[in-house]
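Fold and contact review
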There are 2 protein chains.
Amino acid sequence: MYIVRQGMIQPQPAVPSMTSTLVSPTPDMPHARRQGISRDDLLAATLKLIGPNRSLSTVSLREVAREAGIAPNSFYRQFRDMDELSIALIDLAGSSLRTIIGQARERATSTERSVIRVSVETFMEQLRADDKLLHVLLREGAVGSDGFKHAVERELTYFEDELRIDLIRLAAADGATLYEPALVAKAITRLVFAMGAIAIDQPPERDPALIEDISTMLRMIITGSHALERVAN
Amino acid sequence: MYIVRQGMIQPQPAVPSMTSTLVSPTPDMPHARRQGISRDDLLAATLKLIGPNRSLSTVSLREVAREAGIAPNSFYRQFRDMDELSIALIDLAGSSLRTIIGQARERATSTERSVIRVSVETFMEQLRADDKLLHVLLREGAVGSDGFKHAVERELTYFEDELRIDLIRLAAADGATLYEPALVAKAITRLVFAMGAIAIDQPPERDPALIEDISTMLRMIITGSHALERVAN
DNA sequence: GCGGACAATATACATGTGTATACACGATCG
DNA sequence: CGATCGTGTATACACATGTATATTGTCCGC
């Protein structure tokens, strides 16, 4: 089957898993005759198909069905079309990433600097994880249907919000104030995702150097924000 | 036909145009029997096809031929396949953008701050231009064949290099020094392109606000770089 | 045990694709 | 003028796709 750490896509526990919210939103089926294939199976199959050169919009319904080992028409029992599946995948990837980064932040809530570091490292770690979930968010941001793009945008905005709150908290702990924290959060988020898109196509050996670079960039942004705040007052 | 300002795709001056380098790289044809369709025509047709929801990798050879008004097979006279055409398009978009931004920089080489402003404004202007050339660079960065992605990466790197040189020059004119100018240039470039990708899907009314936001972000980065340089010494 | 319901399949069809082959035109040059 | 060659086209084929329709198989409640 398909096992992802963090219990995002379980081996197959009859009833899907947590993370859900959208995965099988109606678990109130009487008995479920014989649920051969599940939404999660299709999501997993899709993840296997998208590689460095394949984006979601180029994956066909039949391919997914083939990969999942079902007849093409069985696909319709789970999703109306590839677009619906894609959106589900994006939401899954977003919530998963936020969970993981959130845990990383809690783990290292000491100085502003080390939090940045740990978050960036965790991000890159996810990038290399074999579930490819992050890949979805990284490269599907610009293409696809409207619903598609809105889904990506929504996830990134969630991410921004959580980051903004964290940044404010951290700055306060250091007795400082940030200039335009919302913009800082947005800049950091977009920059990290853009750099992640670069990293994904590079050999993993360069990851440490990239982590270094990204961390420096983020320090520039945050330091600059502090400086501008001082100027503004 | 298809006219783009800056003479990127000329109305049809027998021999293509400048910008070339890659457009018709062998102009040493004896007389050119009867050149009904040109590479530029196909590029223009492709630009018409890619919209907010279409990426280059989802445009088919036949579609381009149809849009250009030629038989599918005639396509092969100009490009081996869509991949080759896509790369040509990317190179065209990149060199065009660099020219335009370069001119904008020269036009306003006063203070560091105004240069940023003018560059960002020019960038957004291009975003709304009707030739959609910038769109190619914005949304094709993450998907497609290897040659494809390398082409995008190459153009962005060119962009970074020119920006870095400019940043150093500007800082020197202000009697300051930048911390890690290469990283600053990279951060700015990637951030601007990422924000551009957001802008493209928003109504143009929000452009002014976005320009404001982006400018602030860039000021944070540059201010931060100055600050870090001071700390480092 | 059995009828019915429902998941999953098999078959089929219209459409779009990339490309191979063969052909038609028109300019060029001997 | 006529041969030739470059350019564009028409036709064709094999294949993949999304989806409609009909069919099978299996489990449930009776």
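Notes on the structure in this doc start here.

**What about unusual backbone geometry?**
Residue and element names in this part refer to chain A.
- With a phi angle near 60 degrees, Lys 132 is a residue other than glycine that sits in the positive phi range.
- Structurally, Lys 132 is set in the loop between helix H4 (112–128) and helix H5 (133–139).
- With a phi close to 50 degrees, Glu 180 is a non-glycine residue in the positive phi region.
- Assignment of secondary structure puts Glu 180 in the loop between helix H6 (146–173) and helix H7 (181–200).
- Classification of Glu 180 as partly exposed rests on a relative accessible area of 38%.

**Quick word on the environment of Glu 106 of chain A**
- Its place among the elements puts Glu 106 of chain A in helix H3 (residues 82–107).
- Between the alpha carbons of Glu 106 of chain A and Ser 119 of chain A there is a distance of 10.0 Å; along the sequence they are 13 residues apart.

**Observations concerning the protein's contact with DNA strand C**
- Lining the immediate surroundings of DNA strand C are 20 residues, of which Gly 36 and Asn 73 of chain A together with Arg 62, Arg 66 and Asn 73 of chain B lie closest.
- Sugar and phosphate atoms represent 54% of those atoms of DNA strand C found within 4 Å of the protein.
- Between DNA strand C and the protein, one listed contact pairs a base nitrogen with a side-chain N or O atom of Asn 73 of chain A at 2.6 Å.
- Tallied by class, residues from the surface near DNA strand C come to six nonpolar, seven polar and seven charged.

**Focus: the relation of the copies chain A and chain B**
- Placing chain A over chain B gives an RMSD of 0.1 Å and needs a rotation angle of 180 degrees, together with 0.0 Å of translation along the axis. Taken together, the rotation and translation describe the operation of a two-fold axis. Residue Gly 224 of chain A, judged by its C-alpha, is the member of chain A lying nearest the rotation axis, at 1.8 Å.
- Comparing contact sets, 100% of the residues at the interface of chain A also lie at the interface in chain B, consistent with an isologous, same-surface contact.

**Let's talk about the packing of aromatic side chains**
Residues and elements named next belong to chain A.
- Applying the stated rule across the entire model yields eight aromatic pairs over all chains.
- Between Phe 75 and Tyr 76, the ring centres sit 6.2 Å apart and the planes meet at 85 degrees, which makes this aromatic pair edge-to-face.
- Overall, Phe 75 belongs to the buried group, its relative accessible area being 0%.
- For Tyr 76, a relative accessible area of 46% translates into the label partly exposed.
- What links up through ring pairs into an aromatic cluster is the set Phe 75, Tyr 76 and Phe 79.

Thresholds applied
- Residues numbered from 1 in each chain as written.
- Chains lettered and ligands numbered in written order.
- Predicted model: local features only at pLDDT ≥ 70, side-chain atom pairs only at ≥ 80, totals over all residues.
- Heavy atoms only, no water.
- Helix = DSSP H or I, 4+ residues; strand = E, 2+ residues; numbered from the N terminus.
- Buried < 20%, exposed > 50% of the residue type's maximum accessible area, 1.4 Å probe, protein only.
- Near = heavy atom within 4 Å.
- Polar contact = N/O pair within 3.5 Å; in protein donor to acceptor, adjacent residues only side chain to side chain.
- Nonpolar A, V, L, I, M, F, W, Y, C, P; charged D, E, K, R; others polar.
- Least-squares fit on C-alpha atoms with pLDDT ≥ 70 in both.
- Contact = heavy atoms within 4.5 Å.
- Phe/Tyr/Trp six-rings, centres within 6.5 Å; stacked < 30°, edge-to-face > 60°.

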